[in-house]
Amino acid sequence: MFKFIAGKYLRTVIYVVFSFLLGCMVTINLTPIEKTCTIDNVDVGYNIMQNSKLKNPELVILILSATNNLGKRDTIRETWLKLHRETYDNSKFKIAHYFVIGSLGLTADQLLHLSSEQSTYNDILILPVHDTYKTLTEKIKKSFIWLNDQLDYGLGFKYILKCDDDSFINLSYLPQEIINIEKNYISSDITYPFQPTSERGNRYLSSNAQVNNKKLKGHHLSLYWGYFSGNAKIKTTGKWAETDWIASDRYIPYALGGGYVLSKNLVTYIAKNANNLRSFNSEDISVGFWLAPVNNVLRVHDIRFDTEWVSRGCRNNSLVIHNISQREMRELYNHYISQKTLCSEEVVRRNYYIYNWSVPPSQCCKPSDQIKLSKNTST
Ligand SMILES: *[C@@H]1O[C@H](CO)[C@@H](O)[C@H](O)[C@H]1NC(C)=O
Ligand SMILES: *[C@@H]1O[C@H](CO)[C@@H](O)[C@H](O)[C@H]1NC(C)=O
Ligand SMILES: *[C@@H]1O[C@H](CO)[C@@H](O)[C@H](O)[C@H]1NC(C)=O
Ligand SMILES: *[C@@H]1O[C@H](CO)[C@@H](O)[C@H](O)[C@H]1NC(C)=O
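In this report, the structure presented in the accompanying data block is examined. (Residues numbered from 1 in each chain as written. Chains lettered and ligands numbered in written order. Predicted model: local features only at pLDDT ≥ 70, side-chain atom pairs only at ≥ 80, totals over all residues.)

### What about the overall build of the protein?
The helix and strand tally for the protein stands at 10 helices and 15 strands. Put simply, of all contacts in the protein between residues at least 6 apart along the chain, 77% involve residues at least 24 apart. (Helix = DSSP H or I, 4+ residues; strand = E, 2+ residues; numbered from the N terminus. Contact = placed C-beta atoms within 7 Å.)

Put into structure tokens, the structure is as follows:
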């Protein structure tokens, strides 16, 4: 008898919890946009990091995606996400990845597919936003808020890499490069004017540190790393038009959205101030704008981040390549696995530039064909 009642009670509890989960993640009409589902630890969609076997990763990869891009997600799962496991011992440099998807406005069918994908992979961060290009900035804010909430659960991380589901990430080398950047820039003592010794002769990087206290040790610096633009004029027409931009006649220097790395402090800063930060159409432009006044930020421009809206070609030493198809992604991966080089042939579609931090942003970014990549340049 007792067993029977307990069983019945348990069923009710399960039913209630399940309904709660549905209310949060699935029954979208009932969820106000501003409400994030942080209330309950059993909320698997919201607390996948807590439920994950992989706690306290060094790097969290946020891959912005959309419900219907299952093919792209599977391609990523079957290609570059595997590179890390193939190259590193995951106990040394832990990486967690999440596909970020908005759940508002989805059909019952889409929601069903999404939950089944989540129960298979447990790697989707489902956020209460609509999935359109207009909400990318909200997605970034909410993802950062989520990450910041994870800290309250005692789940830390050191860096995030934001990319898209048409980005290829060189996960067989990026962890090593993060360690190199830490060693050369962040843990070594810095002197001003800022010029890390490692950068002399390094043809990939140019960096700048914004600090008030010049006696500060390097380890206080936060990292903002990617391929920066400073001279882009404000778009006034088209999909990415910013209609009330008054800050300047250019965008504020920002790392292009195909892939950039931020250290934890910057993620936390944005998360804590999210409600007061002005959102623009483009997520990457917004992040550059938000971080403009922040102290102790090290900006590293890296030509191995091929993160513009279309790829500059194929280079064996790329760390990120953006705007590539699923077919290209598989080709790159297969070529790397069989030949240990990324490109079957190196192709230059457009020249890169080394960001010049000592001139005004409008003159920062002149493409140069003088600097040739060669095998013996390294960090
Ligand atoms: C990653 O970069 C390293 C160093 O440049 C290179 O040797 C390697 O081939 C690249 N791997 C992939 C998968 O891109
Ligand atoms: C690259 O971006 C352009 C513009 O958004 C798009 O039309 C094209 O399909 C993209 N290419 C790939 C391979 O994703
Ligand atoms: C890139 O890899 C391809 C294929 O292995 C090779 O032919 C080419 O020489 C490499 N490029 C450089 C600069 O190493
Ligand atoms: C940046 O521009 C200044 C002024 O034109 C020039 O003297 C300097 O060499 C440039 N620095 C780099 C790294 O190109």
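Once you've had a look at it, read on.
### Digging into the packing of helix α6 (residues 136-152) against helix α8 (residues 264-273)
A pair of packed helices is captured by two measures, namely the crossing angle of their axes and the spacing between those axes. Here α6 crosses α8 at 110°, and the two axes come no closer than 8 Å. As the angle between them shows, α6 and α8 are arranged roughly perpendicular. Taking contact as the criterion, the partners of Lys141, Phe144, Ile145, Leu147 and Asn148 in α6 are, on α8, Val267, Thr268, Ile270, Ala271 and Lys272. Here the residues of the contact of α6 with α8 are counted per class, giving 6 nonpolar, 2 polar and 2 charged. (Axes fitted to C-alpha atoms, helices over the stretch in contact; angles between N-to-C directions. Parallel < 35°, antiparallel > 145°, perpendicular 65-115°, else oblique. Nonpolar A, V, L, I, M, F, W, Y, C, P; charged D, E, K, R; others polar.)

### Describing the sheet that holds strand β6 (residues 205-210)
An order of β3-β2-β1-β4-β10-β7-β11-β6 is seen for the 8 strands of this open sheet, with the pairing classed as mixed. A single partner strand is all that each edge strand has here, and the edge strands are β3 (124-130) and β6. The average undirected angle you get between the axes of adjacent strands in this sheet is 20°. For strand β2 (residues 95-104) and β3, the ladder comprises 5 bridges, and the chain directions are parallel. Bridge pairing links Ile101 to Ile126 in β3. Along the sheet, helix α7 (residues 174-186) makes contact with β1 (59-64), β4 (159-164), β6, β7 (222-226) and β11 (297-302), crossing β7 at roughly 130°. (Pairing = 2+ DSSP bridges.)

### Some points on the pairing of β2
Burial runs high along β2: 9 of the 10 residues are buried. As defined by bridge partners, β1 adjoins β2 across 6 bridges and the pair is classed as parallel. Following the sheet pairing, Leu64 is matched in β2 by Val100. (Buried ≥ 20, exposed ≤ 12 C-beta atoms within 10 Å, placed from the backbone.)

### Let's talk about the environment of His301
Tracing the backbone shows His301 in strand β11. For the pair His301 and Asn208, spaced 93 residues apart in the sequence, the C-alpha separation amounts to 8.7 Å. The residues touching His301, leaving out its near neighbours within four places in the chain, are Leu205, Ser206, Ser207, Tyr227, Phe228, Ile354 and Tyr355.

### Looking at the nonpolar core
By size, the foremost hydrophobic cluster in this structure holds 86 residues, and its most contacted members are Ile160 and Leu223. Two domains share this core, each providing at least three of its residues, namely domain 1 (2-164) and domain 2 (174-363). Residues within four places of Leu223 in sequence aside, it is in contact with Tyr159, Ile181, Ile186, Val261, Leu262, Ser263, Leu298 and Val300. (Core = buried A, V, L, I, M, F, W, Y, C linked by C-beta atoms within 7 Å. Domains from an automatic or database assignment.)

### Details of the packing of helix α3 (residues 70-78) against helix α10 (residues 326-339)
It is at 10 Å that the axes of α3 and α10 come closest, and there the two elements cross at 5°. For the element pair α3 / α10, the angle class is roughly parallel. Here Gly71, Lys72 and Thr75 of α3 come into contact with α10, specifically with Gln326, Met329 and Arg330. Tallied by class, the residues present in the contact of α3 with α10 amount to 1 nonpolar, 3 polar and 2 charged.

### Remarks on the sheet that holds strand β5 (residues 167-169)
The 3 strands are arranged β5-β14-β12 in an open sheet whose pairing can be described as mixed. Of all the strands in the sheet, just β5 and β12 (305-306) have a single pairing partner and so form its edges. Sheet topology note: the β5/strand β14 (residues 320-322) ladder contains 3 bridges and is antiparallel. Counterpart to Ile169 in the pairing with β14 is Val320.

### Here's the deal with α10
With 14 residues, α10 extends 20 Å from end C-alpha to end C-alpha; this agrees with the ideal 20 Å at 1.5 Å per step. Within α10, burial applies to Met329, Leu332, Tyr333 and Tyr336. The buried residues of α10 occupy an angular sector of 95° when the element is viewed end-on, so they sit on one face. Seen from the buried face of α10, the exposed residues on the opposite side, beyond 90 degrees, are Arg327, Asn334, Ser338 and Gln339. Looking at the buried residues of α10, the elements they touch are α3, α4 (80-87) and β5. Lys340 occupies a position one or two residues after α10 and carries a positive phi of about 65°. (Expected span 1.5 Å × (residues − 1). Arc of directions from axis to C-beta.)

### Looking at the pairing of β4
Side chains on a regular strand alternate between the two faces of the sheet. The buried fraction of β4 is high, at 6 of 6 residues. Where burial is concerned, the two faces of β4 agree: the one with Tyr159, Leu161 and Cys163 and the one with Ile160, Lys162 and Asp164 are both buried. Pairing analysis gives 6 bridges linking β1 to β4, with the strands arranged parallel. Bridge pairing in β4 places Ile61 opposite Leu161. Relative to strand β10 (residues 259-263), β4 is paired through 5 bridges, and the arrangement is antiparallel. Considered in β10, the bridge of Leu161 is made with Val261.

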